[in-house]
Amino acid sequence: MDVINKFCSTVSSTVSQLSGVLPGNPVTREYEVTSHIASAGPGLLWKIYSGYKKSTKQPASIFVFEKRQVVPQDRDIILETLKRGIAQLTKLRHPQVLVVQHPLEESRDCLAFAAEPVFASLANILGKRENMPLTNEAVTKFKLYDVEIKYGLVQIGEGLNFLHRDAKMLHHNLCPSSIVVNTQGAWKIFGFDFSLQNSSNESTPFWKYVDHRRQSHDLAQPELDYLAPECGLTESAVPASDMFSLGVLIYAIYNSGQAPFSNTDWNIYTVNMSKLKALQLSQLNAIPEGLKNHVKLMLNTTPELRPDEHEFIKSEFFEDVGVKALNYLDSLFQWDNKQKAHFYKGLPQILDKLPHRVCLYRVIPCLVKEFVNPIMVPFVLPNVFSITENCSKEEFASHILPHLKTVMVLQEPIQILLLLMQRMELLLKMTPCDEVKSDVLPLLYRALESDSQEIQELCLSVLPTFANLVEYPAMKNALLPRIKRLCISTSLISVRVNCLVCLGKLLDHLDKWLVLDEVLPFLPQIPSKEPAVLMGILGIYKLVLNHKKMNMSKEMMAQKVIPFLMPLSVENSLTLNQFNTLIYVVKEMVARVETEHRVKLEQLSDQTKALETTMTPSVMKPQNPVPTTEDLFSFSSPSKLTTTVANNSSNSFSQLTLQDKQRIVQNSELEKRHSNLAPLEPATAQPLKSPQPVKDLTVTLLNSSSFDLSVTKPVGQTNGYQIMPKPFQPLVNNQPNLMTSTPNRPTFGNTNGAPQSSIPNRPTFGNANGTLPSADWGGWNSGWTSPPLMPFQQQQQQQQKAKPLSTAEINDLLS
């Protein structure tokens with residue numbers, strides 16, 4: 001238990017160190033103190049702190065009197081005076097009297113009680129800053145507007161009327177330190193420390209006066225500068241005494257907080273009161289004309305000549321439209337819905353004439369009270385939005401948005417959602433991003449699902465303005481599906497067109513794949529052929545086609561988009577301009593498909609040609625060559641497979657398929673292997689040596705040789721001869737039988753293989769006259785084709801064609 005008590009004491013001590021107040025006071029059990037803001041009461045002894053109730057988080061003000069502020073010999077009488085005043089205040093309940101939330105609590109070091117949230121006392125506003133922090137710029141720089149002064153005086157007059165007529169009591173110390181201004185700007189009566197109670201049991205009240213001159217301390221007696229003369233001179237008090245104090249208060253408000261006389265003691269007070277009879281109207285020049293005469297009467301030394309509370313309130317000075325509006329707002333709880341609706345309809349015209357601070361702190365709290373009545377919300381919202389237009393984001397977030405959140409969830413009446421959609425742009429501008437995602441976005445979802453055409457169109461028009469605040473999952477899974485569903489299901493052309501326009505504006509906030517997978521496939525599903533709808537669809541296609549990051553593929557255009565758009569071009573409902581627009585987009589797509597596909601085909605063709613030109617003769621053909629496009633349409637020769645990779649740019653390979661790339665790599669490896677082999681070279685002919693007797697092998701050659709060479713006259717030659725090959729013989733391993741052929745020593749014979757001469761080693765040529773007979777190859781050369789020649793044979797044959805043998809050379813060979 002000691003540990004728990006010690007812990008609680010530590011926590012309490014920590015709180016006290018942070019706030020600097022209420023050490024051990026019971027008020028701290030229920031209220032949290034935050035900061036010191038102002039002071040009030042006799043001599044401004046009460047320190048006012050801002051705070052809130054711990055259980056409900058309800059804002060409050062904590063009034064604290066620290067006993068160490070006064071000397072011990074005067075402490076008891078001052079404590080008694082302050083306790084009496086707070087006890088009297090706690091008993092009173094009126095809109096113009098400060099509301100006490102928690103009664104007075106006393107601890108060893110202080111007195112404390114909790115009241116409604118307070119901004120400052122009127123004395124602080126008029127320049128008296130004792131017992132308050134000078135760093136509170138909200139108070140030090142605060143200036144009262146005329147409408148605030150007027151309505152504040154009306155409120156004080158109503159409060160005095162309540163005290164005099166209903167409570168049967170006198171305040172007896174009405175001064176700036178006894179009036180506090182709450183956070184909404186309302187003036188409240190405070191400081192009943194010297195109030196006088198009715199001491200008569202009859203219908204006519206009587207107030208017994210208490211002589212305060214016997215008190216030893218100035219704080220234990222009323223403020224002499226505001227005390228009526230009859231109270232100090234004749235020791236009597238009547239309701240008119242408070243009206244005298246109100247007259248001095250008005251004088252001080254318009255004279256920087258200075259009363260007509262400065263009464264430091266009772267003697268000076270007596271002298272100054274005698275001067276009131278000589279008070280001239282010229283001394284009241286600071287007071288407005290409409291109020292100057294009333295103040296002069298209120299400062300009269302004869303109580304019966306002073307105006308009463310009712311006469312004061314009904315003064316023409318207070319016949320101000322702003323004062324009346326504020327007064328109506330405070331009494332709205334007494335009116336029925338019809339009267340309220342009539343008032344709210346005309347309120348926007350009045351709000352333009354009121355200062356913004358008055359609208360924000362005085363009007364808004366009255367308006368938001370109507371949010372609990374859904375029937376009146378459509379009448380209140382226009383006024384709230386009118387004030388919001390002049391607010392900063394911080395003011396809107398703290399004073400208006402928390403109340404609007406309760407309205408955003410209302411389903412009925414439907415006018416609420418309509419008004420919110422109409423002012424959605426303003427809401428999005430003023431609302432922080434986090435609240436937009438949590439509160440405004442669900443409101444738009446609900447608007448898309450509404451049955452009202454106007455609400456749907458308004459929602460679609462404002463969606464693109466805050467698309468950047470919508471996260472990708474919400475855009476994909478919540479927003480886009482609702483727009484698509486609405487576009488397909490609605491029977492209203494205007495809603496459908498607005499859906500398409502909204503999608504077009506959202507393209508900049510969508511990624512490529514979301515558009516290609518979700519938006520474009522949805523367009524052909526729209527069950528409508530109206531020109532406006534078709535133009536909306538065409539607009540989306542055109543935006544995607546020309547968008548920097550979308551890049552619609554040629555396959556999609558050729559297979560899906562163009563086949564969908566072409567039938568639409570013959571719709572009879574299209575105008576000429578609409579038809580031209582649609583055909584233009586179709587032509588643009590066709591041109592793009594043509595260009596892109598031609599580029600791809602040209603790249604593939606150029607690459608294939610480049611690969612074929614680099615093929616070397618020494619490379620063997622593959623077993624299963626892949627035919628090219630030219631091979632498929634060629635009938636002259638079989639297709640050839642390229643075996644080397646052309647040195648093309650990297651862009652030419654971007655259009656290749658995976659199989660093409662694999663084939664090129666395999667051919668490249670094959671080329672590397674063959675490049676290491678020695679190239680084949682044709683054998684050079686050996687020069688003939690001196691003739692030697694040789695054995696006649698004509699018969700043998702004719703029977704076993706692979707070639708039977710005969711001499712014919714070359715075509716187009718007058719001399720020389722060409723060696724013709726023997727009919728085709730089978731090849732071994734696809735190669736000619738080089739072992740059985742003797743290309744350097746040809747033999748000559750007839751068709752039956754017998755030599756033409758009786759000399760076996762010396763075949764004869766020609767006739768006896770030396771002319772060569774023409775060879776007849778008709779039957780011998782029919783029915784066969786020449787076998788393919790090896791490279792060196794081709795070279796030798798070309799050499800022979802280029803240089804035919806002369807007769808002398810032939811004779812040398814035969815010799």
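The shown structure was predicted, so the numbers you read here are calculated from the model rather than taken from an experiment.

Calculation criteria
Residues numbered from 1 in each chain as written. Predicted model: local features only at pLDDT ≥ 70, side-chain atom pairs only at ≥ 80, totals over all residues. Heavy atoms only, no water. Helix = DSSP H or I, 4+ residues; strand = E, 2+ residues; numbered from the N terminus. Buried < 20%, exposed > 50% of the residue type's maximum accessible area, 1.4 Å probe, protein only. Contact = heavy atoms within 4.5 Å. Areas by Shrake-Rupley, 256 points an atom, 1.4 Å probe, with all protein chains shown as cover. Phe/Tyr/Trp six-rings, centres within 6.5 Å; stacked < 30°, edge-to-face > 60°. Lys NZ or Arg CZ within 6 Å of the ring centre and 35° of its normal. Pairing = 2+ DSSP bridges. Axes fitted to C-alpha atoms, helices over the stretch in contact; angles between N-to-C directions. Salt bridge = Lys/Arg side-chain N within 4 Å of Asp/Glu carboxyl O. pLDDT = per-residue confidence, 0-100. Arc of directions from axis to C-beta. Polar contact = N/O pair within 3.5 Å; in protein donor to acceptor, adjacent residues only side chain to side chain.

## Some remarks on the overall build of the chain
Phase 1 of the analysis: Looking only at helices and strands, the chain has 30 helices and 12 strands in total.
Phase 2 of the analysis: Counting all 815 residues of the chain, 43% fall into the buried class.
Phase 3 of the analysis: Look at the contacts in the chain between residues 6 or more apart in sequence, and 66% of them connect residues 24 or more apart.
Phase 4 of the analysis: A total accessible area of about 43900 Å² is found for the chain, and carbon and sulfur atoms account for 53% of it.

## Re the environment of Ala237
Phase 1 of the analysis: Checked against the element boundaries, Ala237 lands in the loop between α6 (229-233) and α7 (239-253).
Phase 2 of the analysis: With 31 residues separating them in the primary sequence, Ala237 and Phe206 have C-alpha atoms 8.7 Å apart.
Phase 3 of the analysis: Apart from residues lying up to four places away in sequence, Ala237 is in contact with Leu170, Leu196, Trp207, Tyr209 and Cys231.

## What about the packing of aromatic side chains?
Phase 1 of the analysis: Counting across every chain of the model gives 13 aromatic pairs.
Phase 2 of the analysis: Look at Phe63 and Phe190: their rings are 5.4 Å apart centre to centre, the planes differ by 40 degrees, and that puts the pair in the tilted class. In this pair, Phe63 sits in strand β3 (residues 59-66) while Phe190 sits in the loop between β9 (187-189) and β10 (196-197), placing the two residues 127 residues apart along the sequence. Of the two residues examined, Phe63 and Phe190, each falls in the buried class.
Phase 3 of the analysis: Seen from the ring of Tyr445, Arg482 lies directly overhead, with NZ or CZ sitting 4.6 Å from the centre.

## Examining the sheet that holds strand β6 (residues 118-121)
Phase 1 of the analysis: Taken together, the three strands give an open sheet; going across it, the order is β6-β8-β9, and neighbouring strands pair in antiparallel fashion. What marks the edges here is a single partner per strand, and that holds for β6 and β9. When the angles between neighbouring strand axes are averaged without regard to direction, this sheet yields 35 degrees.
Phase 2 of the analysis: Sheet topology note: the β6/strand β8 (residues 179-182) ladder contains three bridges and is antiparallel. Bridge pairing in β8 links Val118 to Asn182.

## With respect to unusual backbone geometry
Phase 1 of the analysis: Its identity is not glycine, yet Leu44 carries a phi of approximately 55 degrees, on the positive side.
Phase 2 of the analysis: If you trace the backbone, Leu44 turns up in the loop between β1 (31-40) and β2 (46-53).
Phase 3 of the analysis: Accessibility expressed as a relative area gives 5% for Leu44, which makes it buried.
Phase 4 of the analysis: Unusually for a residue other than glycine, Asn131 sits at a positive phi of about 65 degrees.

## Concerning the pattern of salt bridges
Side chains that differ in charge, positive against negative, can pair when their charged atoms come close.
Phase 1 of the analysis: Here the structure, examined in full by the defined rule, presents 23 salt bridges.
Phase 2 of the analysis: Across the pair Glu137 and Lys141 runs a salt bridge, and its minimum N-O distance is 3.7 Å.
Phase 3 of the analysis: What makes Glu137 partly exposed here is its relative accessible area of 49%.
Phase 4 of the analysis: What makes Lys141 exposed here is its relative accessible area of 60%.
Phase 5 of the analysis: With a shortest N-O distance of 3.1 Å, Lys484 and Glu518 are connected by a salt bridge. One end of the pair, Lys484, is in helix α20 (residues 472-489); the other, Glu518, is in helix α22 (residues 512-519), and 34 residues separate them in sequence.

## Section: the pairing of β1
Phase 1 of the analysis: Pairing geometry for β1 and β2, over eight bridges, is antiparallel. The residue bridging Ser35 from the neighbouring strand is Ser50, located in β2.
Phase 2 of the analysis: What sits between β1 and β2 in their antiparallel hairpin is a turn of five residues, with Gly41 showing a positive phi close to 85 degrees.

## Considering the confidence of the model for the chain
Any residue range with low pLDDT should be treated as having predicted coordinates unsuitable for detailed reading.
Phase 1 of the analysis: Of the residues in the chain, 74% have a pLDDT of 70 or more, and the chain-wide mean is 76.
Phase 2 of the analysis: Of all helices and strands in the chain, the one with the weakest mean pLDDT is helix α1 (residues 2-19) (40), whereas β9 scores best (94).
Phase 3 of the analysis: Taken together, the stretch residues 1-19 has pLDDT below 50 and engages in seven contacts with residues farther than four places along the chain or on a different chain.
Phase 4 of the analysis: For the stretch residues 616-624, pLDDT sits under 50, and the model shows seven contacts to residues farther than four places along the chain or on other chains.

## A closer look at helix α11 (residues 321-330)
Phase 1 of the analysis: Every buried residue belonging to α11 is among Gly322, Val323, Ala325, Leu326 and Leu329, and all of these are buried. Along the long axis of α11, the arc covered by the buried residues comes to 160 degrees, so they all point the same way.
Phase 2 of the analysis: Residues of α11 that are buried make contact with α5 (146-166), α12 (337-351) and α13 (356-368).
Phase 3 of the analysis: The backbone nitrogen of Gly322 has a side-chain oxygen 2.8 Å away, supplied by the residue at the start of α11, namely Asp320.

## Considering the environment of Thr264
Phase 1 of the analysis: Examined against the element boundaries, Thr264 turns out to sit in the loop between α7 and α8 (266-274).
Phase 2 of the analysis: Distance from Thr264 to Asp225, taken between C-alpha atoms, is 8.1 Å for residues 39 residues apart in sequence.

## Side note on the sheet that holds strand β5 (residues 110-115)
Phase 1 of the analysis: What the five strands build is an open sheet, ordered β1-β2-β3-β5-β4; its pairing is antiparallel. At either margin of the open sheet sits one strand with a lone partner, and together these are β1 and β4 (100-106). Strand-to-strand, the axes of this sheet are offset by a mean angle of 25 degrees, without reference to chain direction.
Phase 2 of the analysis: Across the face of the sheet, helix α2 (residues 72-91) comes into contact with β2, β3, β4 and β5 while running at roughly 155 degrees to β4.

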